[in-house]
Amino acid sequence: MPAFDLQTCARPNILKLVPYRCARDDYKDDGSNILLDANENAFGSSLPASHYDSTLHRYPDPHQHALKQQFCDLRNVASPGPVTPSSPLTPENMFLGVGSDECIDALLRMFCVPGKEKILTCPPTYGMYSVSAQVNDLEVVEVNLTPEFAVDVEAISNVLSSPQGEEIKLVYLCSPGNPTCSLIDPNAVFQLLNHPTWNGVIVVDEAYVDFSPPGSSLAPWVTSFKNLVVMQTLSKAFGLAAIRLGATFTSPEIAAVLNSLKAPYSISTPTSALGAAALGKEGLKVKEEKVARIVKERERLVKELPLIPGVGRFLGGFDANFLLVEMLDKEGKASSEVALKVYEQLAETRGVVVRFRGKETGCNGCLRMTVGTEEENGILLQRLREVLKEVRE
């Protein structure tokens, strides 16, 4: 059984927090009330007629119950073993934020005392975990992924069992990984969730999970584990990066605290409406069609990139909308020097921007390439061939 106890794991001052309340928490508006409670502009927004929206002078719904239910409906499907969810997800299992980054930060503020406590990450991984920790004056303990980019359960468990483990409150895991493009083995997460002595929370970041095989999300597991948080976003597979909407699934107890410490109106009315449309029947159909096109183009790149002289191995997996691939020097060895030059020349002389990842743990010589449209990928293949020839001469 997990040793997790929210009352001793979270910061005492956060657990005592009395959330901000407004009159509409007590009296929800059905559209028929005269609203004189929030000091809004009763004459409406200042937008010109061509952009006018009669709702924008009102503060948005602070609870987003209907939108949360749509997220739950999306994830109340089959999930990986060895866990059978104890019950369906409900809005009480949810926290919505301004992108997943708000949840990353909110969890740090909820559980970690600045200047004293720590988080654990598994490089190579998403950089915002460490950035947010630094902003909150928290130390980051790193346990590298294995050379195959798998979670090193034994090494993490040993750290969590050590005296240092008492200071670690959160373990951030990225699945599929960024930049590794690999799903984490659910059994690894299961083992860490069941650590017998560690009083902390496992956070699984699933920003790219919709590019993975159906049923890959661990979100349904949160009904069975009180020490699990699963973060997702509409920025990737749903193609809504500009609206900044992140979804967090967790226990009702953790969700309640996260919702108490957030700003009261952080999800705007336009964001909520666009998110609801994307999660509706028609929106989901469009999303599935576009994900299928991305997967097809990913398969094309997996086939055609190795035909270019100077392109080496794919590292990691094929579970996201990008690929991690080696650039080789003239001797056929992975080279970060070559990768950096290719990165710079592609952007500066060919108008193609990818990401240099050669300084990341286990990513020597690597570029990360997002899967583009059919036309964009054709241009990438052509211009990468040209640049590699120039760089390797």
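The structure this text deals with has already been given above.
To describe a pair of aromatic rings, one takes the distance between the centres and the angle between the planes. Inspection of the entire model under this criterion finds 8 aromatic pairs. On the basis of an interplanar angle of 15 degrees and a centroid distance of 4.6 Å, the ring pair of tyrosine 59 and tyrosine 265 is categorised as stacked. One end of the pair, tyrosine 59, is in the loop between helix 3 (23–26) and helix 4 (65–75); the other, tyrosine 265, is in the loop between helix 9 (252–261) and helix 10 (269–279), and 206 residues separate them in sequence. Taking the relative accessible area as the measure of exposure, tyrosine 59 reaches 43% and is therefore partly exposed. An angle of 15 degrees between the planes, with centres 4.8 Å apart, marks the rings of tyrosine 129 and tyrosine 172 as stacked. Taken together, the positions of tyrosine 129 in helix 6 (residues 128–135) and tyrosine 172 in strand 4 (residues 168–174) put the pair 43 residues apart, joining distant regions of the chain. The same class applies to tyrosine 129 and to tyrosine 172, which are both buried. One aromatic cluster is present, built from ring pairs that chain together Tyr126, Tyr129 and Tyr172. Looking at arginine 368, its charged tip hangs above the ring of phenylalanine 322, at a distance of 5.5 Å from the centre.

With respect to the helices and strands, the residue glycine 177 is situated in the loop between strand 4 and helix 8 (186–193). Residues glycine 177 and proline 123 lie 54 residues apart in sequence; the distance between their C-alpha atoms is 9.6 Å. Ignoring any residue separated from it by four or fewer positions in sequence, one finds glycine 177 in contact with Ser182 and Phe322.

What follows is about the packing of helix 5 (residues 99–111) against helix 6. Across the interface, helix 5 lies against helix 6 with an axial gap of 10 Å and an inter-helix angle of 45 degrees. Taken as axis vectors, helix 5 and helix 6 run oblique relative to one another. As helix 5 packs across helix 6, the resulting crossing turns out to be right-handed. Residues Asp101, Ile104 and Leu108 of helix 5 form the contact with helix 6, whose own contacting residues are Met128, Tyr129, Ser132 and Ala133. Taken together, the residues that form the contact of helix 5 with helix 6 break down as 5 nonpolar, 1 polar and 1 charged.

Quick notes on the rules
- Residues numbered from 1 in each chain as written.
- Predicted model: local features only at pLDDT ≥ 70, side-chain atom pairs only at ≥ 80, totals over all residues.
- Heavy atoms only, no water.
- Phe/Tyr/Trp six-rings, centres within 6.5 Å; stacked < 30°, edge-to-face > 60°.
- Helix = DSSP H or I, 4+ residues; strand = E, 2+ residues; numbered from the N terminus.
- Buried < 20%, exposed > 50% of the residue type's maximum accessible area, 1.4 Å probe, protein only.
- Lys NZ or Arg CZ within 6 Å of the ring centre and 35° of its normal.
- Contact = heavy atoms within 4.5 Å.
- Axes fitted to C-alpha atoms, helices over the stretch in contact; angles between N-to-C directions.
- Parallel < 35°, antiparallel > 145°, perpendicular 65-115°, else oblique.
- Left-handed = near helix turned anticlockwise from the far one by under 90°.
- Nonpolar A, V, L, I, M, F, W, Y, C, P; charged D, E, K, R; others polar.

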